[in-house]
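# Fold and geometry: a report
Each chain is listed here by its residues.
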Amino acid sequence: MDLSQLTYPDVVSLAVPFFVAAVLIEMTWIFIARRGGRYETRDAMTSLAMGVGNVASGILLGFVTFGFFMWLWALTPLDLGTSWWVVGLCFVLDDLRYYWVHRFGHRVRWVWASHVNHHSSQHYNLTTALRQTWTGTFTFMMIVRAPLVLLGFHPAMILFVGGLNLIYQFWIHTEAIGKMPRWFEAVMNTPSHHRVHHGRNPRYLDANYAGVFIIWDKLFGTFVPELEEDRPDYGLVHNIGTFNPLRVAFHEWIAIFRDWAQPGVTWRDRFLYAVMPPGWRHDGTGGGSERLKAEYIKSNPEQRGTPGFEKV
Amino acid sequence: MPLWLLGAIVVVGLIAIWVAMRAFGYDEPLTLDEDTARQEFVADNPGLDPDEVRVSATGQNALVRAGGKLHVLWVMGQDVATHVLDAPQIIPTNSGLVLTLRDFAAPRVKLELAPEEAPTWTALIEKS
């Protein structure tokens, strides 16, 4: 089958009017009901500016990823075609890919430098979903998608299901929805599960990386349920003090370069500053989520063994 | 979707969202008291327990002494940000002080102070 001209709709662009309408509906609901979340003008506008910048960076740099995939496509002898079951399988496997890229995004500082902006809002509403990276291409995480191309999924199909994945994740960035039916919560990523992911409470750090299917977290041991007695406090462990989109987009990259430029660091240290989890310091003074969890349990020993603290 | 149409939807959408937020009063800033400042500081600096919290008369900033160091806390919308003070440059302004920090994310912090507060805060920060 000649798949050289295969195209799928640009679903993310088509969803933009829906994104705008949904944000307006959510903020109106919060205003009327006086519950279901918080909005702050500058925070929301920063998130929206990050979303616009993400689309612009995709237009400017998208050829790098697509070119890489087409190069792999020319190499592979496999071709699974375009049946709907293939699209469905591609969607599920791409969601597994998303889980691991997202996990790397929290555990490898080079990837975190790109992803951190998504967590830099202290609010959790539909605009937070649009607070997306401008620098994803530089993380080289497109490599994680290479097996899908080599298995015979066409690059256009992979990008199409990736767009669907992104759209799915939009609606889960809300406090206006409590919990979904139990069967849905068991299988799918939901507002409740994803609120946990955005929480900076020690219990919720490095949890719930799923995109669409929460089963990946349950399978790989990173699932933590949202607890009524520990409501998520949103944002970074130590929040950044800016609404400036340029500073939001680049602050962690600058921090990495500053760590590299410190006097007395070796090349090994520089390498580790890029690949170790956020918070790592070459002189041993740092500490990431493990240290924060351990310190919390030291002060709250009765919480040992409860969700989020099983391994502490 | 043509790029011009996408651009038009984005521009109109951003304006509509901004107008709605202004109409709903979502730009009302947080006002600090000592308890709020203390809670916000602890949430943003796990493991640090404030020894002293001094909130400005405007309720928009605080100086917090914790772990043997002086920190500044300032209101960002309905939330706050905090930063340890390490010999910042202090610039007096009509509405208070501006501090320059060695931080790409927050290189300058504008402190809104009552006129009589500025000299005291300057002295405290200089001693930090």
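See above for the structure.
Predicted model only: the values in this text are computed from it and were never measured.

Further remarks concern the overall build of chain A. Scanning chain A from N- to C-terminus turns up 13 helices and 0 strands. Listing each helix as α and each strand as β along chain A from the N terminus yields α-α-α-α-α-α-α-α-α-α-α-α-α. Relative to the globule expectation of 20 Å for 312 residues, the C-alpha radius of gyration of chain A, 20 Å, shows essentially globular dimensions. The principal-axis extents of the C-alpha atoms in chain A amount to approximately 65 × 55 × 40 Å.

For the structure on display, the rule yields 2 cavities of 30 Å³ or more. Counted as a void, the largest cavity has a volume near 90 Å³. Around the largest cavity, the lining residues are E40(A), D43(A), S120(A), Q122(A), H123(A), R131(A), I240(A), T242(A), F243(A), M76(B) and D79(B). The residue inventory of the lining of the largest cavity, partitioned by class, reads 3 nonpolar, 4 polar and 4 charged. There is about 50 Å³ of room inside the second largest cavity. Considering the residues around the second largest cavity, the lining is formed by E52(B), R54(B), L63(B), R65(B), L70(B) and L124(B).

As a further point, take the pattern of salt bridges. Under the criterion given, the structure shown has 19 salt bridges over all chains. Through salt bridges with shared partners, a single ionic network connects R109(A), E252(A), D259(A) and R281(A).

This part covers a nonpolar patch on the surface. Together, L14(A), M1(B), W4(B) and L5(B) give the surface a local cluster of nonpolar side chains, amounting to about 420 Å² of exposed area. Along the chain, the position of W4(B) falls in helix α1 (residues 3–24).

It is worth spelling out the packing of aromatic side chains at this point. All names here are of chain A. Counted according to the given criterion, the structure contains 25 aromatic pairs over all chains. A centroid spacing of 5.9 Å and a plane angle of 80 degrees characterise the contact between Y99 and Y209, whose relative ring orientation is edge-to-face. Note that Y99 is positioned in helix α3 (residues 84–107) and Y209 in the loop between α9 (191–198) and α10 (215–220), a separation of 110 residues in sequence. The two residues Y99 and Y209 agree in class, both being buried.

What follows is about the interface of chain A and chain B. Residue-level contacts link 41 residues of chain A with 34 residues of chain B. Carbon and sulfur atoms make up 68% of the surface buried where chain A meets chain B, a total of about 3300 Å² over both sides. Here chain A and chain B share 2 salt bridges between them. Across the pair R200(A) and D44(B) runs a salt bridge, and its minimum N-O distance is 2.8 Å. Viewed at the interface, chain B and chain A are joined by 15 residue pairs in polar contact (both at pLDDT 80 or more). When contributions to the side of chain A that touches chain B are tallied by element, the ones reaching two or more residues are α1 (11–33), α2 (41–75) and α11 (245–260) of chain A. Considering each element in turn, the side of chain A that touches chain B owes the most residues, 11 residues, to α1(A). Taken together, the residues of the side of chain A that touches chain B break down into 24 nonpolar, 10 polar and 7 charged.

The next subject is the side chain of R109(A). Residue and element names in this part refer to chain A. With respect to the secondary-structure elements, R109 resides in helix α4 (residues 109–115). Classification of R109 as buried rests on a relative accessible area of 6%. Within the structure, the side chain of R109 is placed 2.7 Å from the side chain of E252, a separation counted as a polar contact. In contact with R109, other than residues within four places in its own chain, are E252, A255, I256, D259, Y273, A274, V275, M276 and P278.

Procedures and definitions
Residues numbered from 1 in each chain as written. Chains lettered and ligands numbered in written order. Predicted model: local features only at pLDDT ≥ 70, side-chain atom pairs only at ≥ 80, totals over all residues. Heavy atoms only, no water. Helix = DSSP H or I, 4+ residues; strand = E, 2+ residues; numbered from the N terminus. Rg over C-alpha atoms; globule rule 2.2 N^0.38 Å. 1 Å grid on protein atoms, 1.4 Å probe; cavity = no way out; pocket = protein on both sides within 12 Å on 5 of 7 lines; lining within 4 Å. Points joined across faces, edges and corners; volume = space filled by probe spheres on them. Nonpolar A, V, L, I, M, F, W, Y, C, P; charged D, E, K, R; others polar. Salt bridge = Lys/Arg side-chain N within 4 Å of Asp/Glu carboxyl O. Patch = residues over 30% accessible without salt bridge, like charges linked within 9 Å, V, L, I, M, F, W, Y side chains within 5 Å. Areas by Shrake-Rupley, 256 points an atom, 1.4 Å probe, with all protein chains shown as cover. Phe/Tyr/Trp six-rings, centres within 6.5 Å; stacked < 30°, edge-to-face > 60°. Buried < 20%, exposed > 50% of the residue type's maximum accessible area, 1.4 Å probe, protein only. Contact = heavy atoms within 4.5 Å. Buried area = accessible area lost by both parts, 1.4 Å probe. Polar contact = N/O pair within 3.5 Å; in protein donor to acceptor, adjacent residues only side chain to side chain.

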